[in-house]
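Architecture at a glance
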Amino acid sequence: MGNLSEYSMAGSTQHSPRPPVSPIDAATATLADAVDFANRVRTIVDKLIGAVPEAAGEAKIEALHSGVITSLTYTAEETSSRIRQAQNSLDRLSTVLGL
């Protein structure tokens, strides 16, 4: 008969502790997740009810941001824009569905 401790460990996974994450890195990762989510919402809505052309506007040129806070601010502004676009897509879907 085998060692019982082998069976008690079966199926369990040992996770190594995560390295500490800076607040800036955590905020940046969260903003990236929000952009991914907003893009997914827009893609699903476009597949369900068709895409609409986007208004022509200024081409956004990503400036080189020399500071961490400046870069985070730019990323937050871009994320807000993507979230607004996703909300607009959901509004279109709601209208089409009569909700």
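It should be emphasised that the depicted structure is a prediction, and the values quoted were computed from it without experimental measurement.

You can see I83 is positioned in helix α3 (residues 68-97). Separated by 44 residues in sequence, I83 and N39 have C-alpha atoms that sit 8.3 Å apart. Sequence-distant contacts of I83, defined by excluding residues within four places in its chain, comprise A34 and A38.

It is worth spelling out helix α2 (residues 23-49) at this point. Helix length check: α2 (27 residues) gives 39 Å between terminal C-alpha atoms against 39 Å at 1.5 Å per residue, within 8%. Buried within α2 are the following residues: L31, V35, A38, V41, R42 and V45. Taken together, the buried residues of α2 touch α3. Once α2 ends, the next one or two residues include G50, with phi positive near 95 degrees.

With that out of the way, let us pick up the side chain of S89. Take S89: it is sitting in helix α3. Ignoring anything within four residues of it in the chain, the contact list for S89 reads R42 and V45.

Before going further, it helps to examine a nonpolar patch on the surface. Taken together, the side chains of V96, L97 and L99 define a hydrophobic patch exposed on the protein surface, amounting to about 360 Å² of accessible area. Assignment of secondary structure puts L99 in the segment after α3.

Right, let's talk about the packing of α2 against α3 for a bit. Direction vectors running N to C along α2 and α3 enclose 25 degrees, while the axes themselves pass 9 Å from each other. Relative to α3, the element α2 lies roughly parallel. Note that α2 runs across α3; the crossing there is left-handed. Each residue belonging to the contact of α2 with α3 can be placed in one class, and the counts come to 19 nonpolar, six polar and four charged.

Nonpolar side chains in soluble globular proteins tend to end up buried together. In this structure, A38, V41, V45, A86 and L93 together form the largest nonpolar core, which totals five residues. Looking at this core, the elements that each hand over two or more residues are α2 and α3. Top contributing element to this core by residue count: α2, with three residues.

A few words on α3. Quick reminder: α-helices carry 3.6 residues per turn. Residues three or four places apart thus point the same way. The terminal C-alpha atoms of α3, which comprises 30 residues, lie 43 Å apart, in line with the 44 Å expected from a rise of 1.5 Å per residue. Summarising the contacts, the buried residues of α3 are in contact with α2.

Conventions we followed
- Residues numbered from 1 in each chain as written.
- Predicted model: local features only at pLDDT ≥ 70, side-chain atom pairs only at ≥ 80, totals over all residues.
- Heavy atoms only, no water.
- Helix = DSSP H or I, 4+ residues; strand = E, 2+ residues; numbered from the N terminus.
- Contact = heavy atoms within 4.5 Å.
- Expected span 1.5 Å × (residues − 1).
- Buried < 20%, exposed > 50% of the residue type's maximum accessible area, 1.4 Å probe, protein only.
- Patch = residues over 30% accessible without salt bridge, like charges linked within 9 Å, V, L, I, M, F, W, Y side chains within 5 Å.
- Areas by Shrake-Rupley, 256 points an atom, 1.4 Å probe, with all protein chains shown as cover.
- Salt bridge = Lys/Arg side-chain N within 4 Å of Asp/Glu carboxyl O.
- Axes fitted to C-alpha atoms, helices over the stretch in contact; angles between N-to-C directions.
- Parallel < 35°, antiparallel > 145°, perpendicular 65-115°, else oblique.
- Left-handed = near helix turned anticlockwise from the far one by under 90°.
- Nonpolar A, V, L, I, M, F, W, Y, C, P; charged D, E, K, R; others polar.
- Core = buried A, V, L, I, M, F, W, Y, C linked by side-chain atoms within 4.5 Å.

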